[in-house]
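Okay, here's what each chain looks like letter by letter:
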Amino acid sequence: MALQVTSVLWKAHVEDRAVAADDFQVATNSIDPQAMGPSDILVELLYLSVDPYMRGMMRDSKGYYRQPFTPGEPLSSRGLARVLRAGPDVGSGFEEGDVLSGMLPWSSHAVLNRRAQAALQLVDSRLLGKLPLPTFLGALGAPGMTAWAGLKRIAEPIKQGEVAFVSGAAGAVGLVAGQLLKHKYGCKVIGSAGSNEKVRGMQRCWH
Ligand SMILES: NC(=O)c1ccc[n+]([C@@H]2O[C@H](COP(=O)([O-])OP(=O)(O)OC[C@H]3O[C@@H](n4cnc5c(N)ncnc54)[C@H](OP(=O)(O)O)[C@@H]3O)[C@@H](O)[C@H]2O)c1
């Protein structure tokens with residue numbers, strides 16, 4: 001039976017002005033799971049993360065480290081999806097019921113070929129149900145890894161009791177960096193953020 005799919009499409013490149021709701025279009029179509037290739041997987045979208053790198057993909061920029069979005073096609077970003085069906089020749093090892101993390105189209109359901117599967121990782125099933133799913137896009141996802149790698153690979157050695165300053169401290173990366181600096185490294189942490197509300201959120205998170 002055909003499956004109804006809802007997608008958010010990117011209309012046209014936006015170079016310098018602010019991106020507005022009119023730049024997106026919600027569209028519906030259908031996919032037929034019976035028509036899947038033997039190495040395809042069918043996934044159901046669970047969560048999407050809206051990240052700063054996406055703004056660069058909205059420009060028609062050849063020099064950007066990611067390909068621009070294709071007008072008329074769904075946007076894509078990091079997200080979580082559940083495998084509903086896996087073809088018999090799926091080489092990635094993904095199976096029905098697995099939760100996957102990585103680059104996903106902004107569609108309620110999608111059939112993903114081998115190339116798209118290569119941009120996905122299996123979420124450790126031992127952690128499922130123990131942590132809220134969005135954690136795998138936040139502290140245990142790319143923002144957490146970015147904060148961890150910045151401290152571990154660049155900022156270390158960090159001595160206990162040192163004073164650390166975090167800019168963009170209420171952002172996805174800054175919130176994790178501040179917690180690691182305070183609780184793992186034992187630093188006194190000072191953060192900056194653009195509004196009083198953000199400062200309050202940052203203080204709650206770093207407490
Ligand atoms: N999220 C990821 O997985 C990831 C991965 C790799 C790299 N990065 C990079 O890490 C940085 C932070 O990412 P994020 O996900 O935490 O972004 P975010 O949640 O959008 O937070 C970024 C914050 O930076 C502040 N900011 C904006 N322009 C600034 C400027 N000119 N000077 C100082 N602060 C400024 C803003 O906070 P205020 O309004 O409070 O000042 C903004 O909310 C970005 O450069 C991003 O490209 C992120």
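About the criteria used
- Residues numbered from 1 in each chain as written.
- Predicted model: local features only at pLDDT ≥ 70, side-chain atom pairs only at ≥ 80, totals over all residues.
- Heavy atoms only, no water.
- UniProt positions renumbered as here; feature names shortened; annotations may be inferred.
- Helix = DSSP H or I, 4+ residues; strand = E, 2+ residues; numbered from the N terminus.
- Pairing = 2+ DSSP bridges.
- Axes fitted to C-alpha atoms, helices over the stretch in contact; angles between N-to-C directions.
- Buried < 20%, exposed > 50% of the residue type's maximum accessible area, 1.4 Å probe, protein only.
- Polar contact = N/O pair within 3.5 Å; in protein donor to acceptor, adjacent residues only side chain to side chain.
- Contact = heavy atoms within 4.5 Å.
- Parallel < 35°, antiparallel > 145°, perpendicular 65-115°, else oblique.
- Left-handed = near helix turned anticlockwise from the far one by under 90°.
- Near = heavy atom within 4 Å.
- Areas by Shrake-Rupley, 256 points an atom, 1.4 Å probe, with all protein chains shown as cover.
- Nonpolar A, V, L, I, M, F, W, Y, C, P; charged D, E, K, R; others polar.
- Salt bridge = Lys/Arg side-chain N within 4 Å of Asp/Glu carboxyl O.

K.L.:
Outline the UniProt feature "domain: Oxidoreductase N-terminal" (unreviewed entry) in the chain, listing residues and values.
P.N.:
This chain's UniProt record puts "domain: Oxidoreductase N-terminal" (unreviewed entry) on residues 19-114. Here residues 19-114 runs as 6% helix and 40% strand, with 32 Å between its end C-alpha atoms.

K.L.:
Explain the sheet that holds strand β5 (residues 99-105) residue by residue, including any values.
P.N.:
Two modes of strand pairing occur in sheets, parallel and antiparallel, and in both the strands are linked by backbone hydrogen bonds. Strand order in this open sheet of 5 strands is β6-β3-β4-β5-β7, and the pairing throughout is antiparallel. The outermost strands of the open sheet, each flanked by one partner alone, are β6 (109-112) and β7 (120-122). Along the sheet, successive strands turn relative to each other by an average axial angle of 40 degrees, direction set aside.

K.L.:
Summarise the side chain of D23; cite the residues concerned and give the values.
P.N.:
Along the chain, D23 turns up in the loop between β1 (3-10) and β2 (24-31). The buried category is assigned to D23, whose relative accessible area is 9%. There is a polar contact of 2.9 Å between the side chain of D23 and the side chain of R17. Not counting residues up to four positions away in its chain, the partners in contact with D23 are L9, W10, K11, V14, R17 and A18.

K.L.:
Can you tell me about the packing of helix α4 (residues 172-184) against helix α5 (residues 196-206), naming the residues and giving the values?
P.N.:
When two helices pack together, their arrangement is captured by the angle between the axes and the distance separating the axes. At a minimum axis distance of 9 Å, the contact between α4 and α5 shows a crossing angle of 40 degrees. For the element pair α4 / α5, the angle class is oblique. Considering only the axes of α4 and α5, their crossing is right-handed. Here G174, L175, G178, Q179, K182 and H183 of α4 come into contact with α5, specifically with M202, C205 and W206.

K.L.:
Describe unusual backbone geometry, naming the residues involved and giving the relevant values.
P.N.:
Backbone torsion omega between E156 and P157 reads 5 degrees, so that peptide bond is classified as cis. By secondary structure assignment, the location of P157 is in the loop between α3 (142-155) and β8 (163-166).

K.L.:
Lay out the site of the ligand with the relevant residues and their values.
P.N.:
Every residue lining the ligand is accounted for by P52, A142, P143, T146, G168, G171, A172, V173, A193, G194 and K198. Interatomic distance of 2.8 Å between a backbone N/O atom of V173 and an oxygen atom of the ligand. A distance of 2.5 Å is found between an oxygen atom of the ligand and a backbone nitrogen or oxygen belonging to G194. About the coverage of the ligand: the protein hides 45% of its 900 Å² of free accessible area. With 3 residues, α3 is the largest single contributor of residues to the shell around the ligand. Its residues assigned to classes, the shell around the ligand comprises 6 nonpolar, 4 polar and 1 charged.

K.L.:
Would you mind going over the pattern of salt bridges in detail, with residue names and values included?
P.N.:
Under the defined criterion, the tally for this structure stands at 5 salt bridges. Ionic pairing is found between R17 and D23, a salt bridge with its closest N-O pair at 2.9 Å. A relative accessible area of 47% means that R17 is categorised as partly exposed. For E44, the salt bridge is made with R82, and the minimal N-O distance between the two is 3.8 Å. On the criterion of sequence distance, the pair formed by E44 in strand β3 (residues 41-48) and R82 in strand β4 (residues 76-86) is long-range, its members being 38 residues apart. Residue classification places E44 among the partly exposed residues on the basis of a relative accessible area of 27%. Overall, the relative accessible area of 31% leaves R82 in the partly exposed class.

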